[in-house]
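# Per-entry structural report
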Number of protein chains: 2
Amino acid sequence: MDLRSIIQKKQSRQALAKDEIAFFVKGCSDNSLPDYQISALLMAIFLKGMNQAETQILTEAMTQSGGVYDLSVYGKKCIDKHSTGGVGDKVSFICGPIAASLGIKVPMLSGRGLGHTGGTLDKMGAIPGVRTDLSKDEFLNVLEKTGVVIASATSDFVPADKKLYALRDATETVASMPLILSSILSKKLAGGAAGITFDVKVGNGAFLPALKDAKALSKNLVRMTKKAGRAANALITPMGQPLGRAVGNLIEMYEASETLLGRGPEDVTEVSCRVAAAMLILAGAEKNNESAQKTARKQIANKEAHKVFLDMLRAQGGENVDSILNGFSFKPAAVLKAQQSGFLSKLPAKAIGEAACRIGAGRLKASEAIDPQAGIYCCHKEGDKVKEGDDLLYFYSSLDVSEIVSSVAGLITISKERFSSHSRIIFFK
Amino acid sequence: MDLRSIIQKKQSRQALAKDEIAFFVKGCSDNSLPDYQISALLMAIFLKGMNQAETQILTEAMTQSGGVYDLSVYGKKCIDKHSTGGVGDKVSFICGPIAASLGIKVPMLSGRGLGHTGGTLDKMGAIPGVRTDLSKDEFLNVLEKTGVVIASATSDFVPADKKLYALRDATETVASMPLILSSILSKKLAGGAAGITFDVKVGNGAFLPALKDAKALSKNLVRMTKKAGRAANALITPMGQPLGRAVGNLIEMYEASETLLGRGPEDVTEVSCRVAAAMLILAGAEKNNESAQKTARKQIANKEAHKVFLDMLRAQGGENVDSILNGFSFKPAAVLKAQQSGFLSKLPAKAIGEAACRIGAGRLKASEAIDPQAGIYCCHKEGDKVKEGDDLLYFYSSLDVSEIVSSVAGLITISKERFSSHSRIIFFK
């Protein structure tokens, strides 16, 4: 078989056959195809699309392209959760322990951050001693012992996606529905959970800003996961402003801990309990969305979920976890103050995520190091009444942040009229 | 500048700016852009196109990407000729000497064959001693001395096209009008002639089989060449059956020599004199197409052009040229005979070109060697009346040709009804 004939079919918008997709995925996994041919086919797929059947075949071929995790021993009570990525998104650290505290197994294979949205593994790694590069045995041991584990996949995991993702990033072919779906789902399916709850972010800080696109992605994720023989549901949650007040790594772990102690920002608590409820429903532990949310909130109130959270951090190597999470008391390098009085009407997630990245909390290239203590704290959220001179943002960094502070300042809006955010959470069964 | 933003523009069918195209061409020439990014942009251009202004800018940037030939000393009496490639196409060896015998300078930078259409340099090189890898000085010396030279370009010539052509071949992006135009024209413009006659082939043996596409290509070639400040005209000539009777290397040189002595097949004589006439008109040596054709035929009748042909071969190193071209008397490895009586109605150029290639006259990979004596001779042409058992094709080869002979046999048609070919030559001023 020759990739050229496959490229030719896709140029004329023909559907690729199963053996053609298998040839392509194998060539991506074992490096038998040159990058320039792969990227030509990626561009043809980007511009000409793939139908549902092709996308499903591509996803399943990618899933099987490397090592997979077998978690069938836990039956249907093994639920993973996936977020499409947001600024200040620390939901995994809250919903995972909530579900685990109720007997669900929550295996979360995650990634490091690139660009403005931050990475779950970077946040975990901000706690001294915590390791996220677990072997498969270590991963399974933590899962068995604490009910929840958050780590990177082993190096032989979905090799086709590693190749394709790197090339998509370099060739502007990331924003393609079949390529997005197969990338997300191949990793989730190879992760081995019996069910998956998807948290699809929408708004300026999300990779799909438009609600229409977020809905399409949610429907496709649920449909395809079910077709692959797993349970699935999805929530669309707002990402116009950062989720919660903390944006960074250690600062977000602190906020997650506070949320699990019942002292977190209302939006983080709300989204985390909605996601946890969706996971409980998938596992068959709850039938009804409202009662599931009540159960989730109860696990915060009784501190059971917080206990699981600390257990997980310790099981992954965390040292002095209690004292570290006891308070975040660094001195900000800069404070941005309100330049007028009124209602905070725009606290743009993307700009704040990018600023946090640039002051050390994230990376623009995979090879860069991050500063676990760097980050931004939002003293106010959209809709808050503020007075001229009030603190708006704290910048934590060891770098000179003055230029970044003024660029963010220009993007924040305070209006005279009362402002209330209209974003709502949408649930897809 | 980042190629990703350029790719993104082309994905949404926007026109690229001059500095963006310059950045791309420079990156192809100096290897500063990775192949996978170049091929992604090639696919986007293939699927979304380029407008006339972009194609012109791309062509001129490619023209200037390496060394160029300066032939301005000859003024407007310096005419190049380009064929889009055909089976049995030996026109260069005839029209070039005809024009040179009338005082025109004919500098022809050419290529080696790949696939079914054969290569001008392989045909030249079939004459013992002939060198086609001339330095720039050698090239200019032969041109000055004999009036016509046929050789490869120097290694620094249009490097952007070398990179792009290899990637287009591997990624199914050859058949794109802006990419075809820029590839052909950048090399012709860098070649330095004041005017260019294009011989665009049409029919099953041409790379553009449809007349509509051949017309579009001809018009674009003439328009763009004029816009680049050179004179241009074009002919569309038939390529349904092989041109002439000889398909191969030495066998075609022999047929070219015979044609220049007035003993060639009528189609080769006709096309060569039409092309030569178009070149004479471009050079201002003739005003009128009919009188130009008469002049060309006269240079055959008086053997002046044949003398220039021999001079050129000798100037490029040819040994015993006279005796070698005195007769082609190899014994065929196989003879294909007519299986019924009737009129030869289909002698498919592409199949015969591919067969010649497979029996040693051509190559499928750039690294393969060819057999200068291998080839196919067509004893009859389309429209000829044949009897069962008549010789149709002679196969010259040192390989076992039986399988190839029977596969070609199945593609030749003899019909009961009288058959006449309706292809005509079209001239574009």
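Here the structure is a predicted model, which is why all the values come from computation and not from measurement.

## Quick word on the confidence of the model for chain A
Mean pLDDT over chain A stands at 94; residues scoring 70 or higher make up 99%. Here the prediction assigns the complex a pTM of 0.87, and the interface score ipTM is 0.83.

## Points about the interface of chain B and chain A
Facing the 20 residues of chain B at the interface are 20 residues of chain A. Across the chain B to chain A interface the summed buried area is about 1,800 Å²; carbon plus sulfur atoms make up 64%. Counting the contacts that link chain B with chain A gives 2 salt bridges. Put simply, aspartate 169 of chain A and arginine 4 of chain B hold a salt bridge, and the shortest N to O gap is 3.6 Å. If you look at where chain B meets chain A, you find 11 residue pairs in polar contact (both at pLDDT 80 or more). Of all the secondary-structure elements, those providing two or more residues to the side of chain B that touches chain A are α1 (3–11), α3 (35–48) and α8 (159–171) of chain B. Top contributing element to the side of chain B that touches chain A by residue count: α3 of chain B, with 10 residues. The class makeup of the residues in the side of chain B that touches chain A is 9 nonpolar, 6 polar and 5 charged.

## Section: the relation of the copies chain B and chain A
Rotating chain B by 180 degrees and translating it 0.0 Å along the rotation axis places it on chain A, where the RMSD comes to 0.0 Å. Overall, the copies show the geometry of a two-fold rotation axis. Considering only C-alpha atoms, the residue of chain B closest to the rotation axis is tyrosine 36 of chain B, which sits at 2.0 Å.

## Considering the sheet that holds strand β6 (residues 246–248) of chain B
Sheet strands pair via backbone hydrogen bonds, and the direction of the pair is either parallel or antiparallel. All names here are of chain B. With respect to topology, 4 strands assemble into an open sheet ordered β6-β9-β11-β7, the strand pairing being antiparallel. Of all strands in the sheet, those bounded by a partner on one side alone are β6 and β7 (334–337). On average, adjacent strands in this sheet sit at an angle of 15 degrees to one another, irrespective of strand direction. As paired strands, strand β9 (residues 375–378) and strand β11 (residues 391–396) are joined by 4 bridges and run antiparallel to one another. Of the residues in β11, the one forming a bridge with cysteine 378 is leucine 393. Strands in contact with helix α11 (residues 250–260) are β6, β9 and β11; relative to β6, the strand with the most contacts, it is inclined by about 145 degrees. Across the sheet, helix α16 (residues 349–361) touches β6, β9 and β11, and the angle it forms with β9 is around 140 degrees.

## Quick look at the pattern of salt bridges
Overall, the coordinates contain 52 salt bridges over all chains when judged by the stated rule. Here aspartate 30 of chain B and lysine 26 of chain B are joined by a salt bridge, their closest N and O atoms 2.8 Å apart. The class for lysine 26 of chain B is exposed, based on a relative accessible area of 52%. Between lysine 90 of chain B and glutamate 255 of chain B there is a salt bridge, and its shortest N-O distance comes to 2.6 Å. Linking lysine 90 of chain B in the loop between β1 (79–83) and α5 (92–101) with glutamate 255 of chain B in helix α11, this pair joins segments that are 165 residues apart in sequence. The class of lysine 90 of chain B is buried, set by a relative accessible area of 0%. The buried category is assigned to glutamate 255 of chain B, whose relative accessible area is 5%. Residues joined by salt bridges that share partners form a network here, namely Lys90, Lys123, Glu252 and Glu255 of chain A.

## Re the sheet that holds strand β4 (residues 195–202) of chain B
Residue and element names in this part refer to chain B. Spatial strand order, β1-β4-β5-β13: 4 strands in an open sheet with mixed pairing. Looking along the sheet, the strands with just one partner apiece sit at the ends: β1 and β13 (426–428). Between one strand axis and the next, the sheet turns through 15 degrees on average, direction left out of account. Helix α12 (residues 266–282) contacts β1, β4, β5 (231–238) and β13 of the sheet and is inclined by roughly 150 degrees relative to β4.

## Digging into the side chain of lysine 81 of chain B
Residue and element names in this part refer to chain B. Within the element layout of this structure, lysine 81 appears in strand β1. Although lysine 81 is buried, it makes no salt bridge; aspartate 89 carries the closest opposite charge, 4.5 Å away. Residues within four places of lysine 81 in sequence aside, it is in contact with Val91, Ser92, Cys95, Met108, Lys188, Thr197, Asp199, Val275 and Met279.

## Some remarks on the packing of helix α3 (residues 35–48) of chain A against α3 of chain B
The geometry of a pair of packed helices is captured by two quantities: the angle between their axes and the separation between those axes. Across the interface, α3 of chain A lies against α3 of chain B with an axial gap of 8 Å and an inter-helix angle of 35 degrees. Two packed elements cross with a definite hand, and for α3 of chain A against α3 of chain B that hand is right-handed. Judged by residue contacts, Asp35, Tyr36, Ser39, Ala40, Met43, Ala44, Leu47 and Lys48 of chain A of α3 of chain A engage Asp35, Tyr36, Ser39, Ala40, Met43, Ala44, Leu47 and Lys48 of chain B from α3 of chain B. Among the residues making up the contact of α3 of chain A with α3 of chain B, the classes are represented as 10 nonpolar, 2 polar and 4 charged.

## Here's the deal with helix α1 (residues 3–11) of chain A
Residues lying three or four places apart along an α-helix face the same way, a consequence of the helix completing one turn every 3.6 residues. When α1 of chain A is considered as a whole, its buried residues turn out to be Leu3, Ile6, Ile7, Lys10 and Gln11 of chain A. Along α1 of chain A, the residues classed as buried sweep out an arc of 140 degrees about the axis, all on the same side. Buried residues belonging to α1 of chain A abut α2 (18–29), α3 and α4 (52–63) of chain A together with α3 and α8 of chain B. Sitting at the amino-terminal end of α1 of chain A is aspartate 2 of chain A, which places a side-chain oxygen 2.9 Å from the backbone nitrogen of arginine 4 of chain A. With its phi angle positive at about 60 degrees, arginine 13 of chain A sits one or two positions after the end of α1 of chain A.

## Details of the environment of tyrosine 165 of chain B
Residue and element names in this part refer to chain B. By secondary structure assignment, the location of tyrosine 165 is in helix α8. Overall, tyrosine 165 belongs to the partly exposed group, its relative accessible area being 35%. Apart from the residues lying within four places of it in its own chain, the contact partners of tyrosine 165 are Val174 and Ser183.

## Some details on the environment of valine 401 of chain B
Assignment of secondary structure puts valine 401 of chain B in the loop between β11 and α17 (402–409). Sequence-wise, valine 401 of chain B and arginine 358 of chain B are 43 residues apart; in three dimensions their C-alpha atoms are separated by 8.8 Å.

## Description of the state of the cysteines
All names here are of chain B. Taken as a whole, this structure holds 0 disulfides over all chains when the rule is applied. Residue cysteine 273 stays outside any disulfide, its sulfur separated by 9.5 Å from that of cysteine 95, the closest cysteine. For cysteine 273, a relative accessible area of 1% translates into the label buried.

Definitions and cut-offs
- Residues numbered from 1 in each chain as written.
- Chains lettered and ligands numbered in written order.
- Predicted model: local features only at pLDDT ≥ 70, side-chain atom pairs only at ≥ 80, totals over all residues.
- Heavy atoms only, no water.
- pLDDT = per-residue confidence, 0-100.
- Contact = heavy atoms within 4.5 Å.
- Buried area = accessible area lost by both parts, 1.4 Å probe.
- Salt bridge = Lys/Arg side-chain N within 4 Å of Asp/Glu carboxyl O.
- Polar contact = N/O pair within 3.5 Å; in protein donor to acceptor, adjacent residues only side chain to side chain.
- Helix = DSSP H or I, 4+ residues; strand = E, 2+ residues; numbered from the N terminus.
- Nonpolar A, V, L, I, M, F, W, Y, C, P; charged D, E, K, R; others polar.
- Least-squares fit on C-alpha atoms with pLDDT ≥ 70 in both.
- Pairing = 2+ DSSP bridges.
- Axes fitted to C-alpha atoms, helices over the stretch in contact; angles between N-to-C directions.
- Buried < 20%, exposed > 50% of the residue type's maximum accessible area, 1.4 Å probe, protein only.
- Lys, Arg positive; Asp, Glu negative; His and termini not counted.
- Left-handed = near helix turned anticlockwise from the far one by under 90°.
- Arc of directions from axis to C-beta.
- Disulfide = S-S within 2.5 Å.

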